[in-house]
Number of protein chains: 2
Amino acid sequence: MGIQLKNKAMEVALKIKKLGQDDPRRIIHSIKVGVALTLVSLFYYWKPLYDGFGASGIWAVITVVVIFEFTVGATLSKGLNRGLGTMLAGALGVGVDYLANLSGQKGEPFVLGIFVFLIAASATFSRFFPGIKARYDYGVLIFILTFSMVSVSGYRVDEFLTMAHQRLTTILVGGAICIIISIVVCPVWAGETLHNSIISNINKLANYLEGFGGEYFHSSDEHVTVPEKDKSFLQEYKVVLNSKSTEDSMANFARWEPRHGNFGFRHPWKHYLKIGSFARQCAYHIEALNFHLSPHQLQEPSQFRRMMEVPCKTISSESGKALKALATAMKTMTDPSPSSQLHLNAAKSAVNDLKNTLKSGTAQISDDISNLLAIIPDATVASILIDIVKSVEDLSEAVAELSLKAKFKSVSPEKPQLLHKGTIKPFVEEDDNEAQQQPHVVITVSGIENNNNNEDLPVNKK
Amino acid sequence: MGIQLKNKAMEVALKIKKLGQDDPRRIIHSIKVGVALTLVSLFYYWKPLYDGFGASGIWAVITVVVIFEFTVGATLSKGLNRGLGTMLAGALGVGVDYLANLSGQKGEPFVLGIFVFLIAASATFSRFFPGIKARYDYGVLIFILTFSMVSVSGYRVDEFLTMAHQRLTTILVGGAICIIISIVVCPVWAGETLHNSIISNINKLANYLEGFGGEYFHSSDEHVTVPEKDKSFLQEYKVVLNSKSTEDSMANFARWEPRHGNFGFRHPWKHYLKIGSFARQCAYHIEALNFHLSPHQLQEPSQFRRMMEVPCKTISSESGKALKALATAMKTMTDPSPSSQLHLNAAKSAVNDLKNTLKSGTAQISDDISNLLAIIPDATVASILIDIVKSVEDLSEAVAELSLKAKFKSVSPEKPQLLHKGTIKPFVEEDDNEAQQQPHVVITVSGIENNNNNEDLPVNKK
């Protein structure tokens, strides 16, 4: 029994350690909350303050507990929502209370009841609007709360003003302590987190594509057994599939955040959602590809598979490298076009090689082709790889658009790029999904010297 | 200007109407919140109650505003979390206060400060544990809040007991009003919502598959132009792709809910997540399929496409029908096997037809086959359709497992099924993703009379 308890305790301790190691910002956040709460407790102990505010000091404590969130954006969003909701509802509550007073001792409860019902019901309904839910949900909650409290408790106006002043001040103090601590001490920016998580997602897709060729065509060129732990890249892309809800909320919080690091106040956070959705699109293709990496597919390769091995490997690895280049460009906040375009072009020319091989190569494998069934899995892999190049192209356009909107630096002069690969794409986008199905006309202009001018970057003409 | 304002108002009015029409439960919920809040306001007006509780009555108002959520499960979860958090923190707060008192006038603030810091920081950290975050996040928040309030405000123990009694009673009354109204008046059950949303998702996948054949092979057999609006089924499946976060939270709330409708208290809600994940898997395949429905694919069909038209159409429509049967079985809570297995078997035999055609049929189209590139898109569609049958089979097994766990009715005697299609599947599942890649051994036993016995249903042996 004692040993079991000890084991259980050890297990919990290990879990705590892992949770902290995975993201040390969690430990720092917990300490920050503790410090903020201890600071506002001083309201009760520092005599001059207590004399001024009395019992209202408790609102500072409540405010800190309720609004201090993990990211700066979430804290700001909750703080501003709380402040705004409280003030609006306070003013409305006093007004309604005044009206109710006019209707006499007997009528007052009815008038108040009707107003509470109407305002609570309509404010609750407003929380179903997606736009309000995303940004002002907490503010509406606080609005209902404060309105009910003020109108119901029936303060006289002068009483109310004293109390409102005390409460608002303590709420402001509590909110200010949260916001200052959350910004000054090791801040966790929602925007930066979104930026990094999109980069890490693109890297995961890239790792898969860079490794896929070796895995799929494994039996034909490498006979060395790779240790199991190195295969994690084959599973990592799966987190991208379900990344939407996290990205949506991060982008919402990021919009409340002030300038930080390399991100300005009006950084195009919404555009990250577009990049995220293209990354998911790419992940769906990879999911289809991964389905063909099951053990029974990895038999002795047919002539057909050997025929398409070289172009397919090139498509996969160059697409992966293009994604890596996009991720690096986002990380360093530089113009992504030169490096990613190079790999994208290599992937595209491998697609052409593959197509030519397939068009003309039947003669080489005429003995094999009588059985169409045998070539279907390999043909599917080839087809998905071609689709992946399209989706990497979409992603690359979206990143290029971001680089324009967010004014990324042009490539640094330390690494002169002699060739500027400009692309002009007449690309009418009606709908994200339709757009991907439309054939793209791509004109590649090579041989023009890089003039560090952003004007001729690829842009989606909307 | 006046007209613009009028237009704006009209627009908002239309939005409100649409929001209400899309889900009338939203309007009812708003009214329920209004009624609950008006009821607790009575605490201030009904003299005997006010005399008993005094200012603590405000806690009933706060409780209603904060815990009344859209679904019964969410309301119960918040209510229980609030109650539990308050009580635990209250007890701990009094204990700490007592300890702090022992350390004298000067030491008290320090002891209290240290305790507030330690408990707030560790409780905040505990919110990062996924298990606590999912079920007890709000409870921990309330715990920190109450603990800080109680320990900081420094009540004497007897004072505290009176106040705790008043507050807990009003919180209980507020919570009880919320829970009763949310359960009695048109309840919105998280469990039922999860159940229905999974059914509707499966139906969306089914609609796509039933319609796909007609769309893809359109030019060869139908020349009637279908009106645009009828094509919505080609987009609807996309909501399934991002369904994970909603399903996760619904399943969490459902676990708090009492028996309702056909769902017992221990209904296997967690198993719905498994079904949901298989449905997403199927949606990923459909996404890959949909990529091949772009306009340039729909040219004059090649000989090769004509050759595989019949089996492919059968695979697609029978898979769709199998999914429809699964959805219907879930809706009526009956054993899904007889009806879905029938269609699944038809789809599987069409897969065999397709494979045989591909194995032997090269001679028929020998003039066409020299250009392998031309057949790749069609070959890919065939391959994805074969993958889809596998994924429908996984989904069907998961639903059969649910039917066993949740004790679904065997098929009703009004519609006697003479043939019982039992399947025995030796299917060792190590990992959801790996399992799908393993070849399944399927033994279909036909011709045994239906004995209304659930024992021989397909089960995943874990």
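Note that the structure is predicted; figures quoted are calculated from it, not measured.

A few points about the overall build of chain A
Each helix and strand counted, chain A has 18 helices and two strands in total. When burial is assessed residue by residue, chain A has 52% of its 462 residues classed as buried. Contacts in chain A between residues far apart in sequence, at least 24 positions, make up 81% of those at least 6 positions apart. Summed over all atoms, the accessible surface of chain A reaches about 21,200 Å², with 62% contributed by carbon and sulfur.

Side note on the packing of aromatic side chains
Residue and element names in this part refer to chain A. Summed over all chains, the structure comprises 23 aromatic pairs over all chains. Here the aromatic rings of phenylalanine 212 and tyrosine 216 are separated by 5.5 Å at their centres, their planes lie at 20°, and the arrangement is stacked. Remark: tyrosine 216 and phenylalanine 212 occur in helix H9 (residues 190-216); sequence separation between them is four residues, near one turn of the helix. We note that phenylalanine 212, like tyrosine 216, is buried. Put simply, the rings of Tyr208, Phe212, Tyr216, Phe217 and Tyr237 pair up and form one aromatic cluster. Of note, lysine 78 hangs over the ring of tyrosine 138, and the distance from its end group to the ring centre comes to 4.7 Å. Sitting over the ring of tryptophan 256, arginine 135 keeps its end group 4.9 Å from the ring centre.

With respect to the pattern of salt bridges
Following the criterion strictly, the structure yields 29 salt bridges over all chains and no others. Salt-bridge contacts for Arg127(A) lead to Asp137(A); the nearest nitrogen and oxygen are separated by 3.0 Å. Highlighted residues: Arg127(A) in the loop between helix H6 (104-126) and helix H7 (130-153) and Asp137(A) in helix H7, separated in sequence by 10 residues. The residues Arg127(A) and Asp137(A) share a single accessibility class, namely buried. A salt bridge links Asp378(B) to Arg305(B), with the nearest nitrogen and oxygen atoms 2.9 Å apart. Taken as a pair, Asp378(B) in helix H17 (residues 372-405) and Arg305(B) in helix H15 (residues 303-332) lie far apart in primary sequence, 73 residues in all. No difference in accessibility class separates Asp378(B) from Arg305(B), as the two residues are buried.

Considerations on the interface of chain B and chain A
Note on interface size: it is often stated as the accessible area lost on association of the parts. With 82 residues of chain B at the interface, the matching set in chain A holds 81 residues. Of the roughly 7,500 Å² buried between chain B and chain A, counting both surfaces, carbon and sulfur atoms make up 75%. At the boundary of chain B with chain A, the tally comes to zero salt bridges. Per-element tally for the side of chain B that touches chain A: the top contributor is helix H2 (residues 25-45) of chain B, with 13 residues. Of the residues belonging to the side of chain B that touches chain A, the class tally is 44 nonpolar, 28 polar and 10 charged.

A look at the relation of the copies chain B and chain A
Both copies of the chain are related through a single rotation about an axis accompanied by a shift along the same axis. Take chain B, turn it by 180°, move it 0.0 Å along the axis, and it overlays chain A with an RMSD of 0.1 Å. The superposition operator between the copies reduces to a two-fold rotation axis. It is Thr380(B) whose C-alpha, among those of chain B, lies nearest the rotation axis, at 2.4 Å.

Concerning a nonpolar patch on the surface
Residues and elements named next belong to chain A. A contiguous nonpolar surface patch, about 390 Å² in accessible area, is contributed by Ile27, Ile31, Val35, Leu39 and Leu42. Position of isoleucine 27 among the secondary structure elements: in helix H2 (residues 25-45). In this structure isoleucine 27 comes out as partly exposed when scored by relative accessible area, which is 40%.

Some remarks on the packing of H6(A) against H7(A)
Residues and elements named next belong to chain A. For the pair H6 and H7, interaxial distance at closest approach is 9 Å and the crossing angle is 170°. Regarding the angle of H6 to H7, the classification is roughly antiparallel. Note on element contacts: H7 touches H6 through Ile132, Val140, Phe143, Ile144, Phe147, Ser151 and Val152, opposite Leu112, Phe115, Val116, Ile119, Ala120, Ala123, Thr124 and Ser126. By residue class, the composition of the contact of H6 with H7 is 12 nonpolar, three polar and no charged.

With respect to helix H7 (residues 130-153) of chain B
Helical periodicity: at 3.6 residues per turn, an α-helix aligns residues three or four positions apart in one direction. An ideal rise of 1.5 Å per residue puts 34 Å on 24 residues; H7(B) measures up with 32 Å between its terminal C-alpha atoms. Maximum bend of H7(B): about 85°, positioned at Tyr136(B).

Considerations on the UniProt feature "transmembrane region" (unreviewed entry) in chain A
Residues and elements named next belong to chain A. The positions that UniProt labels "transmembrane region" (unreviewed entry) are, in the present scheme, residues 27-46, 52-72, 84-104, 110-129, 136-156 and 168-190. Segment residues 110-129 splits into 85% helix and 0% strand. End C-alpha atoms: 30 Å apart. Secondary structure content for residues 168-190 is 78% helix and 0% strand, and the end C-alpha separation is 27 Å.

As for the packing of helix H13 (residues 244-254) of chain B against helix H14 (residues 269-290) of chain B
All names here are of chain B. It is the contact of H13 with H14, at a shortest axis distance of 9 Å, that shows an interaxial angle of 170°. Regarding the angle of H13 to H14, the classification is roughly antiparallel. Judged by residue contacts, Lys244, Glu247, Asp248, Ala251 and Ala254 of H13 engage Trp269, Leu273, Gly276 and Arg280 from H14.

As for the confidence of the model for chain A
Reading predicted coordinates in detail is not appropriate for stretches of low pLDDT. All names here are of chain A. Put simply, chain A has an average pLDDT of 80, and 78% of its residues get 70 or more. Contacts from residues 219-224, a stretch scored under 50 in pLDDT, to residues over four places away or in other chains number eight contacts. This model gives residues 413-462 a pLDDT under 50, and the stretch forms 89 contacts once residues within four places in sequence are excluded. Overall fold confidence (pTM) sits at 0.81, and the ipTM for the predicted complex is 0.80.

Description of the state of the cysteines
All names here are of chain A. Applying the stated criterion across every chain yields a total of zero disulfides over all chains. Cysteine 178 takes part in no disulfide bond, and the closest cysteine sulfur, belonging to cysteine 186, lies 16 Å away. Judged by relative accessible area, which is 0%, cysteine 178 ranks as buried.

Structural notes on the environment of Lys106(B)
Residue and element names in this part refer to chain B. Examined against the element boundaries, lysine 106 turns out to sit in helix H6 (residues 104-126). Given a relative accessible area of 74%, lysine 106 falls into the exposed group. As for lysine 106 and proline 258, which are separated by 152 residues in sequence, their C-alpha atoms are 51 Å apart.

Side note on the environment of Val64(A)
Counting through the fold element by element, Val64(A) comes out in helix H4 (residues 58-67). Note: C-alpha distance between Val64(A) and Arg266(A) (202 residues apart in sequence) is 28 Å.

So, how was this worked out
Residues numbered from 1 in each chain as written. Chains lettered and ligands numbered in written order. Predicted model: local features only at pLDDT ≥ 70, side-chain atom pairs only at ≥ 80, totals over all residues. Heavy atoms only, no water. Helix = DSSP H or I, 4+ residues; strand = E, 2+ residues; numbered from the N terminus. Buried < 20%, exposed > 50% of the residue type's maximum accessible area, 1.4 Å probe, protein only. Contact = heavy atoms within 4.5 Å. Areas by Shrake-Rupley, 256 points an atom, 1.4 Å probe, with all protein chains shown as cover. Phe/Tyr/Trp six-rings, centres within 6.5 Å; stacked < 30°, edge-to-face > 60°. Lys NZ or Arg CZ within 6 Å of the ring centre and 35° of its normal. Salt bridge = Lys/Arg side-chain N within 4 Å of Asp/Glu carboxyl O. Buried area = accessible area lost by both parts, 1.4 Å probe. Nonpolar A, V, L, I, M, F, W, Y, C, P; charged D, E, K, R; others polar. Least-squares fit on C-alpha atoms with pLDDT ≥ 70 in both. Patch = residues over 30% accessible without salt bridge, like charges linked within 9 Å, V, L, I, M, F, W, Y side chains within 5 Å. Axes fitted to C-alpha atoms, helices over the stretch in contact; angles between N-to-C directions. Parallel < 35°, antiparallel > 145°, perpendicular 65-115°, else oblique. Expected span 1.5 Å × (residues − 1). Bend = angle between axes of the 7 residues up to and from the residue. UniProt positions renumbered as here; feature names shortened; annotations may be inferred. pLDDT = per-residue confidence, 0-100. Disulfide = S-S within 2.5 Å.

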